[in-house]
Amino acid sequence: MAGVAETATPTVLQRIASMPLRDPFAFVGLSIYVIFALIALLADVLAPMPPLEILFTSTGKLAANLPPSLDYPFGTTNLGRDIYAQLIHGTRSALAVGLSAAIVVSSVGTVVGLVAGYFGGRIDSLLMRIADMALSLPFLPFVIVLTGFLGASTSNIVLAVALLLWPNSARVIRSQVLTVRERTYVEAARVTGASSWRILFVHVAPNILPLSFVYAAIAIGWAIITEASVSFLGFGDSESVSWGYMLQDAFSSQALSRGQYAWFVPPGICIILIVVAGFFISRGYEEVFMPRLRGR
Amino acid sequence: MAALVELRGVVKHFPVARSLGEIVRGKRPAVRALDGVSFDVGSGDAVAIVGESGCGKTTLGRLMLKLAEPTGGSIAFDGVALGGLSGDGLRDFRRQAQLVFQNPFDALNPRFTIYRAVAEPLVNARIDKAEHKDRIEKAFRRVHLADFDRYFDKYPHQLSGGQLQRVVLARALVLAPRFLVADEPVSMLDVSVRAGILTLMREIREAMGLTAVYISHDLALVRYLCDRTLVMYLGRIVEDGPTEAIVRRPRHPYTRALVAAVPVPDADQSRIALPIKGNIPDSSEPPSGCHFRDRCPLAFARCAEEAPALREAAGGHRVACHLELA
C-alpha cells in the first residue's frame, strides 16, 4: 500500500499547493493566514506584556483608558490592561479555535460523507437523518447551552462548532461521492477485484479531497466567528483573551460611547480579515475542484 | 466444447420509484432489463450479443461479471455458481474474468498513472510486487504499446482514445484471464482507430485462447469478431445462431430489421427489408406475449397470448418466434 501514497496523492497535493500561485484571491487569503500564524507564534516576542496584567502609571495611578501612545499602541482598557497585547495574544486563541474546528469538521464530514455516499441504503439514511437533526439546531443557542453544561472552555466551543458544522461538509461530500462512484473507473476497480474499502479510500476519496479543503477553510471562519460571538455574549473562556472577549470587554465598559475606537475597532478588523481570508482560500480551492468555474 | 459460462433463466429487474397510488395498491413497478435469459458460452468461443439501446445487453454483461446480482435464475462460471461467491472464491473469479469498457476516457482513474492503473489488478489479486513490472510489460506488448516506458508515468488525460483503449485492454489482460467481456469496445473511438483495436482484440483472443463476449449494436463489428451471435430484444433472446447465418439469413422479424439497417457496400447482397414500427417500448411495461409484437409487421393473435420460446430452427439457429420462418 506504500506505493499508493507515493503515486496518487502528489497530484492532489500538488494542485493544492500550487493553487495560491494561480488565484490572486487565494494568495491574499493565504498571506493573511501566514501573517496571523506568525503573529500567533511570536506573540510573546511582539507583546511581552501579559494581556491581563493591570498596569499603573509612573505616579502609581491605575493606567486606565489611556489613549494610544508609543508605549501602548492602542491605549489601555478601563482596568488598565494593554489593548495591543490583548490583540496579539487573541490571535493565538482565534487560530487555535479555527484550526482545531476545521480539522474536526472536515475529517468527520469527509468520513461520514464517504461512507454514506458510497454504501448508501440504511447507513446513508441513518447518517443523513443525524445530519438533518444537527442542521436543525439553532446555532448560537446550542453553543451557549453546550458551553453552559460542559463549561466555558475553548475546547468546548470547538466541540460545539464541530457538532454543528460537520453535516454541511458531509452532505456535499456525499453528493460528490454519489457521482464519483458511478464513474466507469470505479466499476473498473471492482472488476479488477478491489475491495469496497479500497475503492472508497483509494479510488473515490482522492477525487473528493479538494472539497474537504474547501469545507475546512469555511469552518475556520465559522469557528472564529462563533468563538467571538459566544465570548462577546459573555459565555467565553474567561481564562484566555480572544478578540470576542475584547469586544465584550469594550462593550460592557462603555468604550463605544466614550469613543475609544482603538479598543474595539482592531479586534473587529482582525475577525473580518481572518474570516475573509478563509473565504478567499476556499474560493480558490473550489476552482481547483471545479475547473469549469475558472475565469468566471 | 464444455461451457465456460452458463446462464439459466436469468432475470434482472430494477425497481423504480413508486407513486403513492402504487404504494397503496401494493404494486412494485420495475424495469425488466432481463426477462428469462438462458444460454451457454463455450470455452474458447467468441459470442456477440446484439440489440438496440435498452434491450438489456449491458446488464447481461454486468451480471456475467458479478457486477450486479440477478433477480432470478443462475449464472455459473466454470461450473461454479456466481451467486455464492465471496472472499477467496470471488477473488479467484475476478482474476479469470475481465471487462473492457465502452468509454476508455472514463475507465481509468484520472489520478492514477498508467502504470498504476495497470498494476491495480495485480495488487488486488495479491501478486508479489516483484512480478508486477514483468507482467505489465508483457501486457503492454500484447496490446502493441511496445514503447511502454513512454506511457508508464503518464496520466489518462495525456493519451488519445485509441491509446487509452489499449491501456484498458492491457489492464484486462494483465492477470491473464480466461474470460473477457467487451461492452461496445470501439463505439466511443474515432473511426480511424477502430479497425486497429478490433484487429488487436481478435489477435489477442486467438493468441491467448480467450473466451469472449462482445456486446454491441454494430453487426459489422460482430461479423468480424464473433462466430456466434445472440440477438436480444427487450430483455429476451430472440435469435441465436452462427454469425454468418444470422447476417445472411436472419429468421426473426426483429433480426431481419436489424440486418436491413446495416449499411453494406455490397449492393447485390439480398436483403429482406422488413419495416418495423415505432420505438422500443417502456421496459417496465412490455407488451404481453411476444415483446416484439407491437412493432412486428407480421404479428398475429397468438403473439399477444403466448411468449414464443427459443426453438431450434433450420441452419443451426434458435429463434423465438411463432412464425415458421423457414
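Rules used in this analysis
Residues numbered from 1 in each chain as written. Chains lettered and ligands numbered in written order. Predicted model: local features only at pLDDT ≥ 70, side-chain atom pairs only at ≥ 80, totals over all residues. Heavy atoms only, no water. Helix = DSSP H or I, 4+ residues; strand = E, 2+ residues; numbered from the N terminus. Buried < 20%, exposed > 50% of the residue type's maximum accessible area, 1.4 Å probe, protein only. Contact = heavy atoms within 4.5 Å. Areas by Shrake-Rupley, 256 points an atom, 1.4 Å probe, with all protein chains shown as cover. Expected span 1.5 Å × (residues − 1). Arc of directions from axis to C-beta. Pairing = 2+ DSSP bridges. Axes fitted to C-alpha atoms, helices over the stretch in contact; angles between N-to-C directions. Buried area = accessible area lost by both parts, 1.4 Å probe. Salt bridge = Lys/Arg side-chain N within 4 Å of Asp/Glu carboxyl O. Polar contact = N/O pair within 3.5 Å; in protein donor to acceptor, adjacent residues only side chain to side chain. pLDDT = per-residue confidence, 0-100. Core = buried A, V, L, I, M, F, W, Y, C linked by side-chain atoms within 4.5 Å. 1 Å grid on protein atoms, 1.4 Å probe; cavity = no way out; pocket = protein on both sides within 12 Å on 5 of 7 lines; lining within 4 Å. Points joined across faces, edges and corners; volume = space filled by probe spheres on them. Nonpolar A, V, L, I, M, F, W, Y, C, P; charged D, E, K, R; others polar.

The next subject is the overall build of chain A. Counting secondary structure elements, chain A contains 12 helices and zero strands. Along chain A, helices and strands appear, N-terminal first, in the series α-α-α-α-α-α-α-α-α-α-α-α. When each of the 296 residues of chain A is scored for burial, the buried share is 50%. A fraction of 71% describes how many contacts in chain A between residues 6 or more apart in sequence connect residues 24 or more apart. By element, 69% of the accessible surface of chain A is carried by carbon and sulfur atoms, the whole surface being about 13,900 Å².

Residues and elements named next belong to chain A. If you check helix α6 (residues 121-136), its first and last C-alpha atoms are 23 Å apart, about what 16 residues at 1.5 Å a residue would give, namely 22 Å. Those residues of α6 that fall on the buried side of the exposure criterion are Asp124, Leu127, Met128, Ala131 and Ala134. Looking straight down α6, one finds that the buried residues subtend no more than 110° of arc, so they occupy a single side. Across α6 from its buried face, at more than 90 degrees, point the exposed residues Arg122, Leu126, Met133 and Ser136. In this structure, the buried residues of α6 make contact with α5 (83-119) and α8 (154-180).

Residues and elements named next belong to chain B. Read across the sheet, eight strands follow the order β6-β7-β8-β3-β9-β10-β12-β11 without closing on themselves; strand pairing throughout is mixed. Whereas interior strands pair on both sides, the edge strands pair on one side only; in this sheet they are β6 (97-100) and β11 (311-312). Pairing of strand β3 (residues 46-50) with strand β8 (residues 211-216) involves five bridges; the strand directions are parallel. Each residue of the ladder has a partner; that of valine 50, found in β8, is serine 216. Strand contacts of helix α3 (residues 87-96): β6 and β7 (179-183), with the helix running at about 50° to β6, the strand carrying the most contacts. Taken strand by strand, helix α11 (residues 253-260) contacts β3, β9 (228-233) and β10 (236-242), and its axis lies near 110° from that of β9.

Further remarks concern the interface of chain A and chain B. Taken together, the contacts link 24 residues of chain A with 22 residues of chain B. Across the interface of chain A and chain B, roughly 2,200 Å² is buried in total on both sides, 51% from carbon and sulfur atoms. The largest contributions to the chain A side of the interface with chain B come from A:Thr184, A:Val191 and A:Thr192, which together make up 29% of the buried area. Applying the counting rule to chain A against chain B returns three salt bridges. When the shortest N-O distance is used, the salt bridge between B:Glu120 and A:Arg198 registers 2.7 Å. There are 13 residue pairs in polar contact (both at pLDDT 80 or more) connecting chain A and chain B. Broken down by secondary-structure element, the contributors of at least two residues to the side of chain A that touches chain B are α1 (2-7), α2 (9-22), α9 (184-191) and α10 (196-232) of chain A.

All names here are of chain B. Where burial is concerned, most of β3 is hidden: five out of the five residues are buried. Side chains of β3 alternate between two faces, with Ala46, Ala48 and Val50 and Val47 and Ile49 buried alike. Note: β3 against β9, four bridges, orientation parallel. Along β9, the bridge assignment pairs valine 47 with arginine 228.

Once that is clear, we can look at the environment of B:Gly316. All names here are of chain B. Within the element layout of this structure, glycine 316 appears in the loop between β11 and β12 (318-319). Linking glycine 316 and glycine 241, residues 75 residues apart in sequence, is a C-alpha distance of 6.1 Å. Beyond its immediate sequence surroundings of up to four residues, glycine 316 is in contact with Asp240, Gly241 and Pro242.

Looking at chain B, the pLDDT average stands at 86 and 95% of residues meet or exceed 70. Taken element by element, chain B is modelled with least confidence in helix α1 (residues 20-24) of chain B, mean pLDDT 79, and with most confidence in β3(B), mean pLDDT 93.

Moving on, we get to the nonpolar core. Core analysis: the biggest nonpolar cluster contains 97 residues, and B:Val5, B:Phe39, B:Ile49, B:Leu60, B:Met64, B:Phe140 and B:Phe179 have the highest contact counts within it. For this core, the element with the most residues is helix α7 (residues 161-173) of chain B, which contributes seven residues. When sequence neighbours within four positions are dropped, the list of residues in contact with B:Val5 reads B:Phe39, B:Asp40, B:Val41, B:Met64, B:Ile75, B:Ala76, B:Phe77 and B:Phe179. Counting residues in hydrophobic clusters, the runner-up holds 47 residues, among them A:Leu95, A:Val214, A:Trp263 and A:Ile274.

Here the focus is the sheet that holds strand β1 (residues 3-15) of chain B. All names here are of chain B. One open sheet accounts for four strands, arranged β2-β1-β4-β5; its pairing is antiparallel. Two strands lie at the open edges of the sheet, namely β2 (30-42) and β5 (80-81), each paired on one side alone. Sheet topology places β1 next to β2; 10 bridges connect them, and they run antiparallel. Along β2, the bridge assignment pairs phenylalanine 14 with valine 31.

Turning our attention to the pattern of salt bridges. Under the criterion given, the structure shown has 24 salt bridges over all chains. We note a salt bridge from A:Glu182 to A:Arg181, for which the minimum N-O separation is 3.4 Å. The exposure class assigned to A:Glu182 is exposed, which follows from its relative accessible area of 59%. The exposure class of A:Arg181 is partly exposed, given its relative accessible area of 27%. In this structure, B:Glu6 engages B:Arg8 in a salt bridge whose closest nitrogen and oxygen atoms are separated by 3.8 Å. Here B:Glu6 falls in the partly exposed class, since its relative accessible area comes to 25%. Because the salt bridges share partners, they merge into one network encompassing A:Arg129, A:Asp132 and A:Arg171.

So, on to helix α11 (residues 243-252) of chain A. Across the 10 residues that make up α11(A), a large majority, seven, are buried. For α11(A), the full list of buried residues reads A:Trp243, A:Gly244, A:Tyr245, A:Met246, A:Leu247, A:Asp249 and A:Ala250.

When its volume is computed, the largest pocket comes out at roughly 770 Å³. Around the largest pocket, the lining is made up of 29 residues, and of these A:Arg181, A:Val186, A:Glu187, A:Arg190 and B:Arg62 lie nearest the centre. Elements represented by at least two residues in the lining of the largest pocket include exactly α5, α9 and α10 of chain A together with α2 (57-64), α3 and β6 of chain B. Residue classes in the lining of the largest pocket are distributed as 10 nonpolar, nine polar and 10 charged.

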